[in-house]
Amino acid sequence: MATNSSNRIDVQKTYKLFIGGAFPRSESGRVYPIKDFKGMHLANPALASRKDLRDAVVAARAAFPVWSSATAYNRGQILYRMAEILEGRSAQFVDEISALEGVSSRIAQAMVKESVDLLAWYAGWCDKISALDGATNSVSGPFYNFTIPEPIGVVAIFVGAKSSLLNFVGAIASVISSGNTAIVVASEKFPLPAITFAECMATSDLPPGVVNVLTGLASELAPWTASHMDIDAIDATGLTPKLLKEVRLAGVGNLKRIRVPVDIKSPKRILDFMETKTVWHPIGI
Amino acid sequence: MNPFEYAPALESTKIVQVKDHYGLFINGKFVAPKSGKYFPTINPATEKKLSDIALANSADVDLAVKSARAAYIKVWSKMPPAERGKYLFRIARILQERAREFAVLETLDNGKPIRESRDTDIPLAAAHFFYHAGWADKLQYSGNGTGPKPYGVVGQIIPWNFPMLMLAWKIAPALATGNTVVLKPAETTSLTALLFADVCLQAGLPAGVVNIITGEGATGAALVNHPGIDKIAFTGSTEVGKLIATSIAGSKKAVTLELGGKAANIIYDDAAIDEAVEGIVNGIFFNQGHVCCAGSRLLVQENIQDEVLTKLKNRMALIRVGNPLDKNTDLGAINSAAQLAKIKELSSAGDAEGAERWSPPCILPNEGFWFAPTIFTGVSQSHRIAREEIFGPVLSVLTFRTPQEAIEKANNTPYGLSAGVWTEKGSKILWTASKLRAGVIWANTFNKFDPASPFGGYKESGWGREGGKHGLSAYLKASN
Amino acid sequence: MIVDSTENSLRAFLKTLPAVDEVGAHARAGMLATRSIKTTSKSWAIDMAISMIDLTTLEGADTPGKVTGLCAKAVRPDAMDPTVPSVGAVCVYNDMVGIARKKLDEIGGKSIPVAAVATAFPSGRASFAVKAQDTMDAINAGAAEIDMVIDRGAFLSGRYGEVFDEIVRIKELCGTHAHLKVILETGELVTLDNVRKASYLAMLAGADFIKTSTGKVTPAATAPVVLVMLEAVRDYYAMTKIRIGVKPAGGIRNTKDAIKQLVLVNEIAGSEWLTPQFFRIGASALLNDLLLQRMKMRDGYYESPSYVTLD
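Below, the structure is looked at part by part. Values in this document were obtained by computation on a predicted structure and should not be read as measured data.

## Digging into the side chain of Asp330 of chain B
At step 1: Among the secondary structure elements, Asp330 of chain B is positioned in the loop between helix H10 (305-316) and helix H11 (337-352).
At step 2: Within the structure, Asp330 of chain B has its side chain in polar contact with the side chain of Arg115 of chain B (distance 2.8 Å).
At step 3: One polar contact links Asp330 of chain B to Arg35 of chain C, side chain to side chain, over a distance of 2.9 Å.
At step 4: Aside from chain neighbours lying at most four places away, what touches Asp330 of chain B is Pro113, Arg115, Glu116, Gln288, Leu318, Ile319 and Arg320 of chain B together with Met31 and Arg35 of chain C.

Right, dumping it as structure tokens:
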């Protein structure tokens, strides 16, 4: 953060959306004001529209073949790089978190460190999840039978509002570690660290479109997400019970996998957004 | 005369600063050996001395083991697993940053082509640290119980054929699982291990967690027999592996051994022939054949023998033997005079027993230790060159008529490390793989390694696996 | 006789060809791409690559002015340096052949052949009568090389006899007037197994050269594709003592790419193919990059694109 002399005016940051590796404004032109915990104006992040969501889905779908066919090792390297970048930019996040949540910078610092560690934790899962969940199955007959977990595809994530950064980072890392691509809707209360984290992702060799970040109202975005036929799964952590029910109903259209994962740090969270494929092959000469 | 002769394309050695002599890396610093004795290490391509290496005696070994024990008790066993993992992530990243330096040093000390150290050895070494960094705080998911414990202090002895890679295969899982390490590199190839000590320092690894003690056979024996060692990991010859197993029998020490091999590379008549020929070449000439899992016995289906051998010989004529620092060199120097003598002795045995030797025309440099890529045809199962590990660029060619015969011949060895299978028929791959008594089976490929893939042998090729989920259990005492 | 040109005979032969393992082929091509070609071997390779270029313009917007400019470049690639060799051929659409031939003859390029694309290039979707006329127009206008396309639709639907017959008949039309390159359009064939099969089909039918692509479809002349085609000509020579050429076209944009191709030729087929007689590179922008690299080797510093001509 820039040090202020008494005469110096800050260059204030504009918070835009993150779609397809670029930072566009909402096509609707809408924004909403965010205040700090003292009621002072902080910023006008974008209020994402249905068209922004549509564009994000297109970007995520286009990025899926590339990301899912990268080696697990490569994905792990990129997630670890995100941790490196986040660690390096801690100070910026500390300021945002303190301002939004009203916590001391010492506590904010601890939250950022925890987020860095969580990213590194998920980075280490990329090339191990198949050892955990995959199997060779002893079927009766001369067949080699194996089960492999695979990424589902495009996942929409509604981030919970328990914390401004940790939930956001953990939700993304668990979904993309296996090769899924994502559209992440930041919680309404905490849009700013989400967009700043998008800047980290943009500089981490993450291919464009793998993660897309929208800021705005879950009450608007959730129904549109639920009925979009090119979204394969939803992490509904951040939705109210009422919205969750709406989403479950509308998601029936393409039988979306709708999950409300419990732990922010668990391999189960990775598996929640994977399919399993079982292959048979005869053994013989 | 080929108009397209590749001009020399030498990798510069300026990136490496080889010291005049090296001490022992104990408790986070370099110290002189107690005996004051050193021994030279040479570049096998030129026979010129590179440096003097410390000769550790049992007093030095004792100091190293005690340092490892202190570090285990006071620091490493108390450290939260995620923090342990972070040191390994740091080490992986630094290895990636200093990759070129390590590759050049490895080639100078070992004799292998720079292309191989640059494209295979060093990237894989970094990958091993990266992979195991991620396991450090996930051990409860590794199939070793909910609260597996490390052994404590592990003694590790590694060979000269992949010095840095073998170091990574040993140290990464040991540290990830919470053990501390005393590692003895091979006497002809200590330099990259000593450079690794510098990486440990740059990563801020607490003193005593990794100790590197250089020396000869006696140093290794002192390490194996030291009462303060809880577990031993050894990669090397079956002969020495048996000596180690003998000396610790009846003690509480755990041990894993990764020993020799005489792998069969089976080519069925429905193989993708051009790629199979490439696989044969890769299988025995990669790393000068100094590979425990080398495909040193070609088992080719008799009805395609002529076609395969013609293509193989044409392909072998393209193998470039020479200066390992030349980026276009395919086959480098034999690691030592002793190894060269062994290869020559066994090849002469092949001649004497009536096999037919063939090498492409090859100009071998005057200085250094060199052996042309060689095949022996007309080999039978009883020949020494079909039974004994040559550990050089020498392929023994045998034939088979049916899949059952291929299996019988492939399994007819006390070894059981690896095997290759070449066919386009999926069911035959799986059938063959199910019948082969070998720990690693490559189908339509060869010499592929990955930190996520468990490696190790059946029978006299050793005990235990390295890499993957399975490799962790070597370093953990299971709970529940 | 290897095949008797009936559908069954062709089909049976193609079935006996060994498969290509894609991962293995990519690995071999990848390893050969790490060859480091420096100093004298690099200079040699640059000049050889220049002499192998079929300098090409195949645009709907081609005009006499464009073609004559290309011809000048073909004869004297570097206006300031007469030691630079001329290219291997000029490649144009058949209605530009006459213009190209006339210009080349006027400016001292008599030894540079004009190659014409023919047989309803690039798609190959037309009646045989049209394809034959296309070919004859080119030959009558002075083309010494014909680059025909195979019928990919026929190939992919298994009508190998049709593919074979067309090539035989076009080769007949070429007679002694022109050599025949057969474009497989490997990007549409997709698998390396198909590339191998199509290569043999073309060679058995009388191709003088097998060529990867029209340049209008990507992927075009990737290293694994060229590798498989070089294996085909190598093995065909071993079978028949007939040496057939290979022409990669499309996607070879800079000196590094071109040198990688020459390394493939050297180590897969052999040095006998390292001549414009048996290896050509279909390219346009490549020539200027070769010239820039040649200047760098000569002068010791990097040049700017301002120092090569855009024709």
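## Quick look at the nonpolar core
At step 1: Core analysis: the biggest nonpolar cluster contains 163 residues, and Ile176, Phe197 and Met201 of chain A together with Phe129, Leu167, Phe196 and Leu312 of chain B have the highest contact counts within it.
At step 2: Once you skip the residues sitting within four places of it in the chain, Ile176 of chain A turns out to touch Trp67, Arg75, Leu79, Met82, Ala182, Leu206, Val210 and Val211 of chain A.
At step 3: Counting residues in hydrophobic clusters, the runner-up holds 102 residues, among them Met31, Tyr200, Ile210 and Ile268 of chain C.

## Topic: the pairing of strand E6 (residues 181-185) of chain A
Residue and element names in this part refer to chain A.
At step 1: The element E6 is largely enclosed, with a buried count of 5 among its 5 residues.
At step 2: Judged by which residues are buried, E6 turns out to be covered on both faces: Thr181, Ile183 and Val185 on one side and Ala182 and Val184 on the other are all buried.
At step 3: Bridge analysis of strand E5 (residues 154-158) against E6 gives 5 bridges, and the strand direction is parallel. Pairing of Val155 across the sheet is with Ala182, part of E6.
At step 4: In this view, the connection linking E5 to its parallel neighbour E6 by way of helix H6 (residues 166-176) has right-handed handedness.

## Things to note about the sheet that holds strand E10 (residues 274-282) of chain A
As a general point, the strands of a sheet are linked pairwise by backbone hydrogen bonds and lie either parallel or antiparallel.
At step 1: Taken together, 3 strands build an open sheet; the order of strands is E3-E4-E10 (chain A) and the sheet is antiparallel. One side of each edge strand has no neighbouring strand; the edge strands of this open sheet are strand E3 (135-136) and E10 of chain A.
At step 2: Relative to strand E4 (residues 143-151) of chain A, E3 of chain A runs antiparallel, the two being bridged by 2 bridges. Paired with Thr136 of chain A across the bridge in E4 of chain A is Phe146 of chain A.
At step 3: Across the face of the sheet, helix H14 (residues 426-435) of chain B comes into contact with E4 and E10 of chain A while running at roughly 85° to E10 of chain A.

## A word on the interface of chain B and chain A
At step 1: Contacts between chain B and chain A engage 26 residues on the former and 22 residues on the latter.
At step 2: Of the roughly 2,200 Å² buried between chain B and chain A on both sides combined, carbon and sulfur atoms contribute 65%.
At step 3: Between the two partners, chain B and chain A, sit 2 salt bridges.
At step 4: Lys86 of chain B is the partner of Asp117 of chain A in a salt bridge, and the nearest nitrogen-oxygen pair spans 2.6 Å.
At step 5: Seen at the junction of chain B and chain A, the total is 9 residue pairs in polar contact (both at pLDDT 80 or more).
At step 6: Elements represented by at least two residues in the side of chain B that touches chain A include exactly helix H2 (81-97), helix H4 (114-135), helix H13 (403-411) and H14 of chain B.
At step 7: The residue inventory of the side of chain B that touches chain A, partitioned by class, reads 11 nonpolar, 6 polar and 9 charged.

## A few points about the sheet that holds strand E12 (residues 264-267) of chain B
Residue and element names in this part refer to chain B.
At step 1: Pairing in this open sheet of 7 strands is mixed, and the strands run E14-E15-E16-E13-E12-E17-E18 from one edge to the other. Whereas interior strands pair on both sides, the edge strands pair on one side only; in this sheet they are strand E14 (356-358) and strand E18 (440-443). Strand after strand, the sheet turns through a mean of 20° between neighbouring axes, direction not considered.
At step 2: Across 4 bridges, strand E17 (residues 418-422) lies against E18 in parallel orientation. Opposite Gly420, over in E18, you have Trp442 as the bridge partner.
At step 3: Sheet contacts for H10: strand E13 (297-301), E14, strand E15 (374-377) and strand E16 (394-400); angle to E15, the most-contacted strand, approximately 160°.

## Topic: the packing of helix H4 (residues 105-123) of chain A against H6 of chain A
Residues and elements named next belong to chain A.
At step 1: Running from amino to carboxyl end, H4 crosses H6 at an angle of 10°, the nearest separation of the two axes being 9 Å. Here H4 is positioned roughly parallel relative to H6, judged by the angle of their axes. Where H4 approaches H6, its residues Glu114, Ser115, Leu118, Leu119 and Tyr122 are matched on the opposing element by Leu166, Val169, Gly170, Ala173 and Ser174.
At step 2: Partitioned by chemical class, the residues of the contact of H4 with H6 number 6 nonpolar, 3 polar and 1 charged.

## Topic: the arrangement of the chains
At step 1: Looking at the 2 pairs of chains with contacts, the pair that accumulates the most is chains B and C.
At step 2: Over all C-alpha pairs, chain A and chain C never come within contact, reaching a minimum spacing of 15 Å.

## Concerning helix H5 (residues 163-176) of chain B
Because the α-helix completes a turn every 3.6 residues, residues three or four places apart line up on one side.
All names here are of chain B.
At step 1: An ideal rise of 1.5 Å per residue puts 20 Å on 14 residues; H5 measures up with 20 Å between its terminal C-alpha atoms.
At step 2: With 14 of 14 residues buried, H5 is to be regarded as a mostly interior element.
At step 3: Just downstream of H5, Gly178 is the residue with a positive phi angle, here 100°.

## Here we look at the pattern of salt bridges
All names here are of chain C.
At step 1: One pass over the full model with this rule turns up 65 salt bridges over all chains.
At step 2: A salt bridge links Glu106 to Lys102; the shortest N-O distance between them is 3.2 Å. Placement of the pair is Glu106 and Lys102 together in helix H5 (residues 97-106), with a separation of 4 residues, close to one helical turn.
At step 3: Taking relative accessible area as the criterion, Glu106 reaches 52% and is therefore assigned exposed.
At step 4: The exposure class of Lys102 is exposed, given its relative accessible area of 55%.
At step 5: One connected set of salt bridges, linked through shared partners, spans Asp54, Glu145, Asp147, Lys181, Lys211, Lys247 and Arg280.

## Quick word on the side chain of Glu116 of chain B
Residues and elements named next belong to chain B.
At step 1: Within the secondary structure, Glu116 is located in helix H4.
At step 2: Comment: no salt bridge for buried Glu116; closest opposite-charge side chain is Arg115, at 4.5 Å.
At step 3: Other than its neighbours up to four places away in sequence, Glu116 contacts Asp121, Phe286, Asn287, Gln288 and Asp330.

## Concerning unusual backbone geometry
All names here are of chain C.
At step 1: The omega angle of the peptide bond from Phe121 to Pro122 is -5°, so this bond is cis rather than trans.
At step 2: For Pro122, the position within the fold is in the loop between strand E3 (114-118) and helix H6 (128-140).
At step 3: Thr218 connects to Pro219 through a cis peptide bond whose omega is 0°.
At step 4: With respect to the helices, strands and loops of the structure, Pro219 is situated in the loop between strand E6 (209-211) and helix H11 (223-240).
At step 5: Of note, the phi angle at Thr119 is positive, near 60°, even though the residue is not glycine.
At step 6: Inspection of the secondary structure assignment puts Thr119 in the loop between E3 and H6.
At step 7: Here the phi dihedral of Val190 falls at roughly 70°; this positive angle occurs in a residue that is not glycine.

## Overview of the environment of Thr13 of chain B
All names here are of chain B.
At step 1: Mapped onto the fold, Thr13 is located in the segment before strand E1 (21-22).
At step 2: According to the relative accessible area criterion, Thr13 is partly exposed, its value standing at 35%.
At step 3: C-alpha of Thr13 to C-alpha of Leu105: the two residues are 92 residues apart in sequence and 8.0 Å apart in space.
At step 4: Among all residues touching Thr13, those that are not within four sequence positions of it are Val104, Leu108 and Leu325.

## Regarding the interface of chain B and chain C
At step 1: Contact residues are listed per partner, giving 26 residues for chain B and 28 residues for chain C.
At step 2: Interface area, chain B with chain C, both sides summed: about 2,200 Å², of which 52% is carbon and sulfur.
At step 3: Looking at the side of chain B facing chain C, the largest losses of area belong to Phe4, Tyr6 and Glu275 of chain B, adding up to 29% of the total buried there.
At step 4: Summed over the shared surface of chain B and chain C, the number is 5 salt bridges.

Cut-offs applied
- Residues numbered from 1 in each chain as written.
- Chains lettered and ligands numbered in written order.
- Predicted model: local features only at pLDDT ≥ 70, side-chain atom pairs only at ≥ 80, totals over all residues.
- Heavy atoms only, no water.
- Helix = DSSP H or I, 4+ residues; strand = E, 2+ residues; numbered from the N terminus.
- Polar contact = N/O pair within 3.5 Å; in protein donor to acceptor, adjacent residues only side chain to side chain.
- Contact = heavy atoms within 4.5 Å.
- Core = buried A, V, L, I, M, F, W, Y, C linked by side-chain atoms within 4.5 Å.
- Buried < 20%, exposed > 50% of the residue type's maximum accessible area, 1.4 Å probe, protein only.
- Pairing = 2+ DSSP bridges.
- Right-handed = clockwise from strand over helix to strand, strands pointing away.
- Axes fitted to C-alpha atoms, helices over the stretch in contact; angles between N-to-C directions.
- Buried area = accessible area lost by both parts, 1.4 Å probe.
- Salt bridge = Lys/Arg side-chain N within 4 Å of Asp/Glu carboxyl O.
- Nonpolar A, V, L, I, M, F, W, Y, C, P; charged D, E, K, R; others polar.
- Parallel < 35°, antiparallel > 145°, perpendicular 65-115°, else oblique.
- Expected span 1.5 Å × (residues − 1).
- Lys, Arg positive; Asp, Glu negative; His and termini not counted.

Interpretation note: all reported values are geometric properties and have no functional meaning in isolation.
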